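# Tertiary structure, described
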Amino acid sequence: MKIKNIYISSLLLVASLVGTTGCNDFLERDLQGSSDEGKTISPDNVDNLVIAAYAHMVSGEDMNSPFSLWPYGNVRADDAYKGGANSEDGSHFHFLEIATGMTTDNWAFDDIWYRLYSGVARANAALKSLDGMDANTYPQKNERIGEMRFLRGHYMFLLKVMFKHIVYVDETIPTSDYTKISNRQYTNDQLWQRIADDFKFAYDHLPDTQVEKGRPTQAAASAYLAKVMLYKAYRQNEKNEVIEINEEDLKAVITYTDNAIMTAGGFGLEEDFAYNFLPQYENGKESIWAVQYSQDDNTMYGNLNFGNELTAPQFFGCCDFQKPSQNLVNAFRTENGRPMFDTYNEKDNYDMQGNYDPRLFHTVAIPGFPYKYNVNYIFDKTWTRNEQEYYGLYSSLKENVDPDCSCLKKVNSPFVANSMNRIVLRYADVVLMRAEALIQLNRLSEALPLVNEIRNRAARSTTLVFDYGASFKVEPYTMAEWTDRDIAMRDLKWERRLELALEGSRFFDLVRWGDAAKVMNQYYASEASRRSYYSDANFIAGKNEYLPIPQKQINYSGGLYQQNNGWEK
């Protein structure tokens, strides 16, 4: 039995606060439990508001609005097909998949906007009360403010990478003034800086360790701050073109990915890549900050990961969404221990002949191999919903669990969900962020050992797949190969794709680098012969890098919110 007390108490306290439809503006509803002026603010009241903010990490999402952003970071990229029964099943995600047919009134875009801003509102409610507390009466004041600014920064980051021009609201703004704030109040760079400021405060006030694992540490704030500064470094114009890579921002990334910060919190790479995605190893040394799910906690099903509910194979009952693309599977092929940069996608090796990076078998469920390492469940085409002709034969592994795990629960049959934590900040990501900043600063000799640290771990990640009958070969790079920054960046980008595949970041990486239009249109062209629906796909540069601002939100603001480039009527 797994119980995470901060999240359990959160859900029991605020179960009645959860909106189920999410199609209204987040400003239309008052947050229950928020302190009105004139009310007595006590430590207990403040604690309840803090807990309510944490609760939203679990209770605020659902299968159509997952905070993991798998439809927006994976299906929208070249890593995954939508999956499901057909293109009409979850058509709101199908439009993401082909970058065609999306409209400003797509209900799913409005829903994820609403749900994330509800999280911002909860953090702000807690912050408003915390600001009024006396530190002598409430000694945890600055630490709790750091936690709430961390959560606010997290929700703002997710909104920012999806929608670009978002509304920044903090606890100092009266609710009555919210409708007077434009989503163009800040420039793109200024908005990144406001988000960075939240994480900087958190970094300055959070402890090295936390007894309750759901609370962020200084290392978590440092990692998130580095992530924001890395995105900020790639300066974009209004057409979403990268026009500058800012050196000062890159130096900030290096500052906040310093290994001393991470090791002070006890963080580092797991010995085997697989351990990051198994419930028995959760909250391990590579998990810098994770959403804590639970079971057997006096709720109906448990506080499970309902956001990933659709991605379980059809074998479990439903629904076989987020199907790894053939392109992604092919990308794990190696030759002489190196990626096959130019030829990886020329042949589909369904029989897994040749050499592969072991991370493939921890990321993708492949016919003929044990599912989640359980030899009693050999994955085959009967586990999929449409077999090969529509969405392929593969399924996503990282967020799913062994069918025999007690952490897997039937909910609202035929759906299933599980209580395995979802890592938001992983140490490997920090290593690669640091390497990227160093490469862009042309400090290649410092970046190379970091990339090789990830590759060397990949090579030894065979503990659970050593008897699969597959051939594994991953070798480190050498300085002789890294003759210039372009080659180093090519290798870094490839490494991020393999290491973080299906963890929700691929599309946002492509946008940050300015590669989205080129990579996606090449992907559509190559995939059209495999999946006929890609024949209609077309990524429009200057438009499709970001979602449209939901029309309902523009209407609610009385036309104050401005639409993103390319989406204007």
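A quick note: this is a predicted structure, and the numbers were derived from the prediction, not measured. (Residues numbered from 1 in each chain as written. Predicted model: local features only at pLDDT ≥ 70, side-chain atom pairs only at ≥ 80, totals over all residues. Heavy atoms only, no water.)

### What to know about helix α17 (residues 506-513)
Heads up, the rule is: Only protein chains enter the accessibility calculation, which uses a 1.4 Å probe; a residue whose area is less than 20% of its type maximum is buried, one above 50% is exposed, and one in between is partly exposed. Elements are defined by DSSP. Helices are runs of H or I of four residues or more, strands are runs of E of two residues or more, and each kind is numbered from the N terminus.
Among the eight residues of α17, eight are classified as buried, and the element is accordingly described as predominantly covered. Inspection of α17 places R506, F507, F508, D509, L510, V511, R512 and W513 among the buried residues, and these make up the whole buried set. A positive backbone phi angle near 80 degrees is found at G514, which sits one or two residues after α17.

### A word on the state of the cysteines
Our working rule: For this text, the term disulfide refers to a pair of cysteine sulfurs within 2.5 Å.
Taken as a whole and assessed by the stated rule, the structure comprises two disulfides. Between C318 and C319 runs a disulfide, and the two sulfur atoms are separated by 1.6 Å. Disulfide C318-C319: torsion about the S-S bond near 75 degrees, hence right-handed. Judged by its relative accessible area of 7%, C318 falls in the buried class. According to the relative accessible area criterion, C319 is buried, its value standing at 5%. Note on cysteine connectivity: C405 is disulfide-linked to C407, with sulfurs 2.2 Å apart. Residues C405 and C407 are joined through a disulfide that is right-handed, its torsion about the S-S bond being 125 degrees. Of the two residues examined, C405 and C407, each falls in the buried class. Disulfide connectivity for the protein, with bonded cysteines indexed by sequence position, reads 1-2, 3-4.

### Re the sheet that holds strand β16 (residues 471-472)
Whenever strands of a sheet pair, they do so through backbone hydrogen bonds, lying parallel or antiparallel. Worth spelling out the cut-off: Strands are labelled as partners when DSSP assigns at least two bridges between them.
A sheet is described by the order of its strands in space; here four strands give the open sequence β7-β6-β8-β16, paired in mixed fashion. Two strands lie at the open edges of the sheet, namely β7 (338-339) and β16, each paired on one side alone. Pairing of strand β6 (residues 333-335) with β7 involves two bridges; the strand directions are antiparallel. Note that in β7 the partner of E335 across the bridge is R338.

### Focus on the side chain of N246
As a reminder, the rule being used: Residues are treated as being in contact if the distance between any of their heavy atoms lies within 4.5 Å.
Turning to its location among the elements, N246 is positioned in the loop between β3 (242-245) and α9 (247-256). If near-sequence neighbours (up to four positions away) are discounted, N246 is found in contact with A233 and R235.

### Some remarks on the packing of aromatic side chains
For any two aromatic rings, the description comes down to two numbers: the centre-to-centre distance and the angle of the planes. Note the cut-off: Between the rings of Phe, Tyr and Trp (Trp by its six-membered ring), a pair exists once the centres lie within 6.5 Å; its type follows the angle of the planes, with under 30 degrees stacked, over 60 edge-to-face, and the other angles tilted. In this scheme, the term charge over a ring applies when either NZ of a lysine or CZ of an arginine sits within 6 Å of the ring centre and within 35 degrees of the ring normal.
Counting across every chain of the model gives 47 aromatic pairs. When the ring of F150 is compared with that of Y224, the centres are 5.7 Å apart and the planes differ by 75 degrees; the resulting orientation is edge-to-face. Taken as a pair, F150 in helix α6 (residues 141-163) and Y224 in helix α8 (residues 218-233) lie far apart in primary sequence, 74 residues in all. Ring geometry for Y391 and Y533: centres 5.6 Å apart, planes at 50 degrees, overall tilted. Linking Y391 in helix α13 (residues 387-391) with Y533 in the loop between α18 (516-527) and α19 (551-556), this pair joins segments that are 142 residues apart in sequence. The pair Y391 / Y533 is uniform in exposure class, with both members buried. Between the NZ or CZ atom of R455 and the centre of the ring of Y477, over which it lies, the distance is 4.6 Å.

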